[in-house]
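# Geometric and topological summary
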Amino acid sequence: MTTVFTQERLGALNAMYARCIDNDQLEQWPDFFTEQCLYLITNADNHAAGMQAGMVYADTRAMLQDRVLAMRDANVYEDQRYRHIVGAPLVLEQDATLAVVETPFLVARIMRDGGTEVFATGRYLDRVVHEEDAALKFAERVVVCDSSNIDTLLVIPL
Amino acid sequence: MEMKLNDMRDSKRTWEPGLTRVPYWIYRDAGVYRNEQQRIFQGPTWNYLCLEAEIAEPGDYRTTFAGDTPVIVVRDEEGELQAFENRCAHRGALIALKDSGKAEDFTCVYHAWRYDLQGNLKGVAFEQGVNGKGGMPPDFCKEQHGPRKLRTATVGGLVFGSFDEDVPSIEEYLGDTIVEKIERVLSKPVEVLGRFKQTIPNNWKLYMENVKDSYHASLLHVFFTTFNLNRLSQKGGVIISETGAHHVSWSKVDHKPQSNSAYSAEKLRSDKEGYTLADPSMLDGVDEFGDGVTLQILSVFPGFVLAQIQNTLAIRQILPAGIDKTVLNWTYLGFTDDTPELRRMRLKQLNLTGSAGFISMEDGAVGGFVQRGIAGTDEELAILEMGGASIETQDNRTTEASVRGFWNAYRGYMEI
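Please read these numbers as outputs of a predicted model, since none were measured by experiment.

## Thoughts on the pattern of salt bridges
Residue and element names in this part refer to chain B. On inspection of all chains with the given rule, the structure shows 29 salt bridges over all chains. The partner of Glu-54 in a salt bridge is Arg-195, and the shortest N-O contact between them spans 2.8 Å. Of the two residues, Glu-54 is situated in the loop between strand E2 (47-51) and strand E3 (60-66) and Arg-195 in strand E12 (residues 190-200); the sequence distance between them amounts to 141 residues. For Glu-54, a relative accessible area of 15% puts it in the buried group. Take Arg-195: its relative accessible area is 25%, and that puts it in the partly exposed class.

In structure tokens:
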């Protein structure tokens, strides 16, 4: 069986996703998601306990656009950047239209004063679909942080 | 010479009576931090420990803190709430090593000293020695040793603990109005929707002041203002308990068009025209408490916050973790009888709060801005004169009255 969800394509999807955030092209970030979607940032303890709340909870692409808009024009924070290191995507299940994928990540945060620290590690639990133009999109990206702690604040998406 | 330097340093650390000036050394001093642990967190105050719902069954426990002191809170065999230091009487090791669990008793991993659910020392491994050798002296009395116990009390399903035997009852400590406002929100069985921890780079008092500062909300938090969730020109006010220790800041959204003139006249950064959400469903809510109050921020001295922002319900436990480090433990709540629609509203509105909250993320950073800003100060003072000098309940929020209330209570406990 040929599949559209090849390791190569999923790897490229994650590489583009990380590059979009780390290169501060966040206006394009919502385009990685389907119009109706789920983007949730939670932690391993909550996820294991089946608790639904997140630090960020978006169920439409428009809500992701609002995140970016607020980050650009409303919220106050010191200059900071991320560097994502994304591991190999592991396909757990797939059919012709959907793949369930788990991918580990590490995000370093670089602050205004030059301080660079590991900000978050965890795994992306994804449901990846391919749309008619054959582009892969996230119908769901649940960001499960290993630690329950956030240093100071979380403004740039993971 | 060294004595003289010390004397000089000490001589600057004075604080005139009154509540409109706060010396910056109060946020930077190791001696102050130590005194706070004794006089406030271990003194005649009530520390929030957990929710009753989190330890519903006998044997259910959680580990938490009172100030920086580790504490176990557990429901015993009789269903009573017990709390005691999470510190073995033998060598001081932590007794319980998990965030939560179920136990019949607690055994320290180091030398297997065992405690019952009331915190009484019940077993000392090899107390009689082995083969007649070693062991504890015959006059060692287990009843005389054990972790310090806390009194416990509940209000609205919140569990509080106090190390002080003479602390006033929780009802007396809070006062009728604060109890009523807690019960307004926590009126029925709750369910935990998530727990998140946030570590912020500043003294704990800067965070508590920020919580009680109704003046900053619509100035620092643009998101709030822009969507008419909270403008100081809306109907609202602050309620301050008798000594100033506790407070409630509340407001009602008026859906009628509002005059922007107060904000535009000040040319404030938070006044942005034409800022609209691509998906406004995040703000969909219902008046679930039936009184039209869309925001109620309630604080209990020294380190507890219950916040209702529309349909988001969140508890914050504020824990000092060093002079310039504070831990916030967030617990997000719903009710067990939530409809799926209401639950979904809560999950979406929770974007407003927490470490990534549209209207609260700044609070994680602003205390650090102060902590770094006051580096190198000694005699300099913060100004708290907005709205005068009183700590009285008032029907506007352009005031620092509840922040002054914090300092009134603080100075009382600290005798400073």
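## Let's talk about the sheet that holds strand E5 (residues 81-85) of chain B
Residue and element names in this part refer to chain B. Across the sheet, 7 strands lie side by side as E2-E11-E10-E5-E4-E3-E6; this open sheet has antiparallel pairing. The two strands at the open ends of the sheet, each matched to only one other strand, are E2 and strand E6 (100-102). Strand after strand, the sheet turns through a mean of 30° between neighbouring axes, direction not considered. Relative to strand E11 (residues 158-162), E2 runs antiparallel, the two being bridged by 4 bridges.

## A short note on the pairing of strand E14 (residues 247-252) of chain B
Residues and elements named next belong to chain B. In terms of residue burial, E14 counts as a mostly covered element, since 5 of its 6 residues are buried. As defined by bridge partners, strand E13 (residues 235-240) adjoins E14 across 6 bridges and the pair is classed as antiparallel. Looking across to E14, one finds that Lys-235 is bridged to Lys-252. The antiparallel pairing of E13 with E14 creates a hairpin that spans 6 residues between the two strands, and Gly-244 there sits at a positive phi of about 90°. Relative to strand E15 (residues 293-300), E14 runs antiparallel, the two sharing 6 bridges.

## Side note on the interface of chain A and chain B
At the junction of the two partners, chain A supplies 35 residues and chain B supplies 39 residues. Here chain A and chain B share an interface that buries about 3,200 Å² over both sides, 54% of which is from carbon and sulfur atoms. When residues of chain A are sorted by the area they lose upon contact with chain B, Tyr-57, Val-76 and Thr-152 of chain A head the list and together hold 18% of the total. For the interface between chain A and chain B, the tally reads 3 salt bridges. Note that Arg-372 of chain B and Glu-78 of chain A form a salt bridge whose closest N and O atoms lie 2.7 Å from each other. Put simply, chain A and chain B have 23 residue pairs in polar contact (both at pLDDT 80 or more) between them.

## A few points about the packing of aromatic side chains
With the rule as written, the count across this model stands at 29 aromatic pairs over all chains. Put simply, the rings of Trp-15, Tyr-27, Phe-41, Trp-204, Phe-301, Phe-406, Trp-407, Tyr-410 and Tyr-413 of chain B touch in pairs and so form one group of aromatic residues. When the ring centre of Tyr-17 of chain A is taken as origin, the NZ or CZ atom of Arg-141 of chain A, which lies over that ring, is 4.4 Å away. The side chain of Arg-148 of chain B reaches across the aromatic face of Phe-163 of chain B, ending 4.7 Å from its centre.

## Quick word on the sheet that holds strand E8 (residues 114-115) of chain B
Residue and element names in this part refer to chain B. With antiparallel pairing, the 3 strands of this open sheet are ordered in space as E7-E8-E9. In this open sheet, the two strands that pair with only one neighbour each are strand E7 (106-107) and strand E9 (121-123). With 2 bridges connecting them, E8 and E9 associate as antiparallel partners. Within the sheet, the bridge partner assigned to Tyr-115 lies in E9 and is Leu-121.

## A closer look at a nonpolar patch on the surface
All names here are of chain B. Taken together, the side chains of Leu-94, Leu-97, Val-109 and Tyr-110 define a hydrophobic patch exposed on the protein surface, amounting to about 440 Å² of accessible area. By secondary structure assignment, the location of Leu-97 is in the loop between E5 and E6. By relative accessible area, Leu-97 is classed as exposed at 59%.

So, how was this worked out
- Every chain begins its residue count from 1, and numbering advances along the sequence as written.
- Whichever chain is written first becomes A and whichever ligand is written first becomes 1, with later ones labelled in order.
- Two thresholds apply to this predicted model, a pLDDT of at least 70 for residue-level local features and 80 or more for giving and counting side-chain atom pairs, whereas whole-chain, interface and lining totals are computed over all residues.
- Side-chain calculation: all heavy atoms of the structure are included, whereas hydrogens and water are not.
- Only one rule defines a salt bridge in this text: a Lys or Arg side-chain nitrogen within 4 Å of an Asp or Glu carboxyl oxygen.
- Comment: elements are numbered from the N terminus, with helices defined as DSSP H or I runs of at least four residues and strands as E runs of at least two.
- Note on exposure labels: buried denotes an accessible area under 20% of the residue type's maximum, exposed denotes more than 50%, and partly exposed covers the range between, all computed with a 1.4 Å probe on protein chains only.
- A pair of strands counts as paired when DSSP detects no fewer than two bridges linking them.
- Whenever a helix is involved, its axis is fitted only over the stretch in contact; in every case the axis is a line through C-alpha atoms, and angles between N-to-C directions fall within 0 to 180 degrees.
- Contacts are residue-level and defined by heavy atoms, with any inter-residue pair within 4.5 Å sufficient.
- Reported buried area values correspond to the accessible surface (1.4 Å probe) lost by two parts on association, with both partners' losses combined.
- We call two N or O atoms a polar contact when they sit within 3.5 Å, provided that within protein one can donate a hydrogen and the other can accept it, with sequence-adjacent residues counted only if both atoms are side-chain atoms.
- Each aromatic pair joins two rings of Phe, Tyr and Trp (for Trp, the six-membered one) with centres within 6.5 Å, and gets the label stacked for planes under 30 degrees apart, edge-to-face for over 60, and tilted for any other angle.
- Both a distance and an angle decide whether a charge sits over a ring: NZ of Lys or CZ of Arg must be within 6 Å of the ring centre and within 35 degrees of the ring normal.
- Put simply, a patch holds well-exposed residues, over 30% relative accessible area, that have no salt bridge, with like charges counted together within 9 Å and Val, Leu, Ile, Met, Phe, Trp or Tyr side chains within 5 Å.
- Calculation of accessible area relied on Shrake-Rupley with a 1.4 Å probe; when residues are assessed, cover is drawn exclusively from the protein chains displayed.

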